[in-house]
Amino acid sequence: MNSKVASEERVDLGRYDERFYAIVGRGDENVRYFSKVFDVRIVPRGTELIVKGEDDKVRKFVSFLKAVMLRLERERLTAKEVRDYAKDFLEKAEGHEDIPEEEEEIILITHRRKAISPKTETQKRYVRAIKDNDVVFGVGPAGTGKTYLAMATALSHLKEQKISKIILTRPAVEAGEKLGFLPGTIAEKVDPYLRPLYDALYDMVDYDKAMYMLERNIIEIAPLAFMRGRTLNDAFIILDEAQNATKEQMKMFLTRIGFGSKVVVTGDITQIDLPKKEHSGLVEALRVLEGVPGIEFVWFSQDDVVRHPIVARIIEAYEVHERDRDKAKEEETQEDVAQEEG
């Protein structure tokens, strides 16, 4: 890549608090210092810093910003200590084309100043896969961060203006007669199925800003059935609970992808809630799309569970139970065959 190519990045520091002022300094003194030592142009705009300059220099400064924001989550620093950290950061980067990987792990700083970053090797591979591919399948048990990390990456892409909207969708498994018994409009009927996506959104973005983006359709949350007939351009699209999409729904969804869009499909093939006569579209897609360029599959296990430690133990206990049950059924079948032959 040509380092002389002009580049622009935006980094949101979150809100006006002591950590914000530790970074920008009194009267923006740190901003002027960073501009000089990193050789970039920095334009403060609200809580955002707009960084312009040669591509490699912009990337280096953005990596520093993310690293210092992560450090400020753990300890208090003065404006001078942040400048000293910048000097150490540059000295460590001296002679290296790329900033060390650990400095680039942070995906998003939430409105509560919480740094979202991958915790396990699989999660790191998942985040890299999303950055490098048009379509990514994240498959594995609950609590492994599949949807949460995809949501954080989508919001990061939106902040950096790489996309113009985010679309979050889920199958409404109970759609049909049972749904009709619920009160309210169709939107109110399907809301319970989409609630986990709202929960993840509100965890990362303050309520007022989230409502603004939802009202302006910058973020759209809709049942999978609502995707039919659309072409989704310049969007980051997340299909959650994909194991409950039928084969027809999965094909319909994947053929909605338009120019400039990125798709993440998440699901757990051990938790299929479809009627027995229906086959999971996720299971079929894993077979059909293997080896297709631009599509990557990332498999999670209970080792990647990042919820309360008890969740990993619960998942493991259920897996042991299911293995024992399957083994007992197999032995019972063999005994029946032996009796018939006898």
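Further up the page is the structure itself.
Novice: Give a description of the overall build of the chain that names residues and reports values.
Specialist: Secondary structure summary: the chain contains twelve helices and eleven strands in total. Restricting the contact set of the chain to residue pairs at least 6 apart, pairs at least 24 apart contribute 72%. Accessible area for the chain stands at about 19,000 Å²; split by element, carbon and sulfur atoms hold 49% of it.

Novice: Explain the sheet that holds strand E9 (residues 235–239) to me, using residue names and the numbers behind them.
Specialist: Across a sheet, paired strands are connected by hydrogen bonds in the backbone, their directions being either parallel or antiparallel. Strand order in the open sheet made by the six strands is E8-E7-E9-E10-E6-E11, with parallel pairing throughout. Both edges of this open sheet fall to strand E8 (219–223) and strand E11 (295–299), since each of them pairs with a single strand only. Recorded for the sheet is a direction-independent mean angle of 15° between the axes of neighbouring strands. Both strand E7 (residues 165–170) and E8 contribute to a ladder of five bridges, which runs parallel. Bridge pairing links Ile 167 to Glu 220 in E8. Here helix H10 (residues 247–254) sits on the sheet and contacts strand E6 (135–139), E7, E9 and strand E10 (262–267); the angle it forms with E10, its principal contact strand, is near 160°.

Novice: I'd like to hear about the nonpolar core, residue by residue, with values.
Specialist: Grouped together as the largest cluster of nonpolar side chains are 35 residues, with contacts concentrated most on Tyr 126, Leu 155, Ile 166, Leu 201, Ile 219 and Ile 221. Listed by contribution, the elements that provide at least two residues to this core are helix H5 (121–132), helix H6 (146–159), E7, helix H8 (186–204), helix H9 (207–215), E8 and E9. Per-element accounting of this core gives the leading share, seven residues, to H6. Excluding anything up to four places from it in sequence, Leu 201 contacts Met 151, Leu 155, Ala 210, Leu 214, Ile 219 and Ile 221. Counting 31 residues, the second-largest nonpolar core is a separate cluster that includes Leu 13, Phe 20, Val 40 and Ala 115.

Novice: Give a detailed account of the side chain of Glu 220, specifying residues and quantitative values.
Specialist: Within the element layout of this structure, Glu 220 appears in strand E8. The class of Glu 220 is buried, set by a relative accessible area of 12%. At 2.7 Å, the side chain of Glu 220 and the side chain of Arg 230 are in polar contact. Leaving out residues up to four positions away in the same chain, Glu 220 has contacts with Lys 165, Ile 166, Ile 167, Leu 168, Met 227 and Arg 230.

Novice: Explain the sheet that holds strand E3 (residues 48–54) to me, using residue names and the numbers behind them.
Specialist: In space, the three strands of this open sheet follow the order E1-E3-E2, with antiparallel pairing throughout. The open sheet has two edge strands, strand E1 (6–12) and strand E2 (41–45), and neither has a second partner. The mean angle between the axes of side-by-side strands here comes to 20°, regardless of whether they run parallel or antiparallel. Pairing analysis gives five bridges linking E2 to E3, with the strands arranged antiparallel. Counterpart to Pro 44 in the pairing with E3 is Leu 49. Lying over the sheet, helix H2 (residues 29–37) contacts E2 and E3, oriented at roughly 155° with respect to E2.

Novice: I'd love a proper account of the packing of H2 against helix H4 (residues 79–93), names of residues and values included.
Specialist: The geometry of a pair of packed helices is captured by two quantities: the angle between their axes and the separation between those axes. Close contact between H2 and H4 brings their axes to 10 Å; oriented N to C, the two are set at 10°. The pairing of H2 with H4 is recorded here as roughly parallel in orientation. Contact residues: H2 offers Glu 29, Asn 30, Tyr 33, Phe 34 and Val 37, while H4 offers Ala 79, Val 82, Arg 83, Ala 86, Lys 87 and Leu 90. For the contact of H2 with H4, a count of residues per class yields seven nonpolar, one polar and three charged.

Novice: Would you mind going over the packing of H5 against H6 in detail, with residue names and values included?
Specialist: One can describe the packing of H5 onto H6 by two numbers: an axis separation of 11 Å at closest approach and a directional angle of 40°. Here H5 is positioned oblique relative to H6, judged by the angle of their axes. Crossing geometry of H5 relative to H6 is assigned as right-handed. Note on element contacts: H6 touches H5 through Lys 146, Leu 149, Ala 150 and Thr 153, opposite Gln 123, Tyr 126, Val 127 and Ile 130. Along the lines of polarity and charge, the residues of the contact of H5 with H6 split into five nonpolar, two polar and one charged.

Novice: Could you give an account of the environment of Ile 50, with specific residues and numbers?
Specialist: Note that Ile 50 resides in strand E3. Its relative accessible area of 2% is what places Ile 50 among the buried residues. Sequence spacing of Ile 50 and Asp 12 is 38 residues, and the spatial spacing of their C-alpha atoms is 8.8 Å. With residues near it in sequence (within four places) discarded, Ile 50 still touches Glu 8, Glu 9, Arg 10, Arg 41, Ile 42, Val 43 and Arg 45.

Cut-offs used in this document
Residues numbered from 1 in each chain as written. Predicted model: local features only at pLDDT ≥ 70, side-chain atom pairs only at ≥ 80, totals over all residues. Heavy atoms only, no water. Helix = DSSP H or I, 4+ residues; strand = E, 2+ residues; numbered from the N terminus. Contact = heavy atoms within 4.5 Å. Areas by Shrake-Rupley, 256 points an atom, 1.4 Å probe, with all protein chains shown as cover. Pairing = 2+ DSSP bridges. Axes fitted to C-alpha atoms, helices over the stretch in contact; angles between N-to-C directions. Core = buried A, V, L, I, M, F, W, Y, C linked by side-chain atoms within 4.5 Å. Buried < 20%, exposed > 50% of the residue type's maximum accessible area, 1.4 Å probe, protein only. Polar contact = N/O pair within 3.5 Å; in protein donor to acceptor, adjacent residues only side chain to side chain. Parallel < 35°, antiparallel > 145°, perpendicular 65-115°, else oblique. Nonpolar A, V, L, I, M, F, W, Y, C, P; charged D, E, K, R; others polar. Left-handed = near helix turned anticlockwise from the far one by under 90°.

Scope: geometric values only; no functional claims are made or implied.
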